[in-house]
Amino acid sequence: MKKKITLYLYPYIALLLVFVSTLPADAATLASGIPVSDSPIMALPVTQTCAGTPWKNIVWVHLHDNEETARQTALQALNQIQQGCLLDLRHGGSREIKVQNYQVSYQFDPNRIFTSMGRKTTLKCHQGSCAFALEQLGQAAANFLNQYLIHAQLIVAVHNNHLDGLSVRNYRAGGTMAPAMSQIAISSDSNPHDFFYVTTQQAFNFLASRNFNVVLQNNQQVHDDGSLSVWAAQQHIDYINVEAGIEHSAAQLAMLAAVWAYMQEYYI
Ligand SMILES: [Zn+2]
């Protein structure tokens, strides 16, 4: 990596760090990745790692801090390309983000916060004003989207699943996720856990023709769970989720190489 920039949306981060350092140890450890504060402003813990010149119209994003294979393969792919940046949420290695304010403590799945309905469902409010928590989370999500994603033409998300968890099979007719799917391509050469989940016919056709597992989201009927794919479809932004089994590094790297070919064909 040529440079590594950590960006905080917090306007008064220095002041807050001084503030946190004066708290008793047990209070400070309640927070996971986000400073303890009584500010109405909360920022997602974004780290941006660049391998060269950032792309103006393309964003790569890693949202689940516990999906390390996805993070490492994305960084490796960017290193090979020698361009572009990865937006990465880092907050102690857990899937969910925990926030401790003086008014409220809560936690949420960072890939369920990009619509109002998603935030209401994902928010687990432990203490204090839950209305305040919902407001704070809404503001943080809006700031993140407006700063990094609203002007993107293509968003590439990287995720991992577990062997007893999600696979492309869930999206087949009759599967648990079938209502979210409008078209599906199954490759006999690929592991079912390694699949693309996309929002445009263009991406579906390109990736399916290269013999990958691909699911085209049904943008009209998909359940609004607040995930980035739902938001991207609402905004008419081309979105590709590169989803691979945990520790399927070689497969995920090959999938990212296909994404790079797609980027060169349509966006660069
Ligand atoms: Zn994930």
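All values reported here derive from a predicted model rather than from experimental measurement. (Residues numbered from 1 in each chain as written. Predicted model: local features only at pLDDT ≥ 70, side-chain atom pairs only at ≥ 80, totals over all residues. Heavy atoms only, no water.)

Another point: the coordination of the zinc ion. With distances of 2.0 to 2.3 Å, the protein atoms coordinating the zinc ion are H64 (ND1), E67 (OE), E67 (OE) and H159 (ND1). Counting gaps between the donor residues of the zinc ion yields the pattern H-x2-E-x91-H. The buried category is assigned to E67, whose relative accessible area is 5%. (Donors = N, O, S within 2.8 Å, 3.2 Å for Na, K, Ca; no water. Buried < 20%, exposed > 50% of the residue type's maximum accessible area, 1.4 Å probe, protein only.)

Here we come to the packing of aromatic side chains. Scanning the entire structure with this criterion turns up 12 aromatic pairs. Members of the aromatic cluster, each reached through a chain of ring pairs, are F206, Y262, Y266 and Y267. The ring centre of F206 lies 3.6 Å from the NZ or CZ of R210, which sits over that ring. (Phe/Tyr/Trp six-rings, centres within 6.5 Å; stacked < 30°, edge-to-face > 60°. Lys NZ or Arg CZ within 6 Å of the ring centre and 35° of its normal.)

Our focus in this paragraph is the nonpolar core. Counting residues in hydrophobic clusters, the biggest one holds 41 residues, and the most contacted among them are L44, F108, F144, L149, I155, L228 and W231. When contributions to this core are tallied by element, the ones reaching two or more residues are strand 3 (58–62), strand 4 (85–89), strand 5 (97–100), strand 6 (104–108), helix 5 (130–149), strand 8 (154–161), strand 10 (195–198) and helix 7 (228–234). Top element by residues in this core is helix 5. It accounts for eight residues. Not counting the four nearest positions on each side in its chain, L228 is found in contact with V61, L63, N111, F114, L145, L149, I155 and Y239. Core analysis: the next-biggest nonpolar cluster, separate from the first, contains 36 residues, I81, V214, A244 and Y262 among them. (Core = buried A, V, L, I, M, F, W, Y, C linked by side-chain atoms within 4.5 Å. Helix = DSSP H or I, 4+ residues; strand = E, 2+ residues; numbered from the N terminus. Contact = heavy atoms within 4.5 Å.)

A separate point is the state of the cysteines. Tallying each qualifying case throughout the model produces two disulfides. Each sulfur of the disulfide joining C50 and C85 lies 2.2 Å from the other. Across the S-S bond linking C50 and C85, the dihedral sits near 100°, which makes this disulfide right-handed. Remark: C85 occurs in strand 4 and C50 occurs in strand 2 (residues 46–50); sequence separation between them is 35 residues. As far as the burial class goes, C50 and C85 line up, both buried. Two residues, C125 and C130, share a disulfide whose sulfurs are 2.1 Å apart. Of note, the bridge from C125 to C130 carries an S-S torsion of about -95° and is left-handed in sense. Cysteines bonded in the chain are numbered consecutively along the chain; their disulfide partners then correspond to 1-2, 3-4. (Disulfide = S-S within 2.5 Å.)

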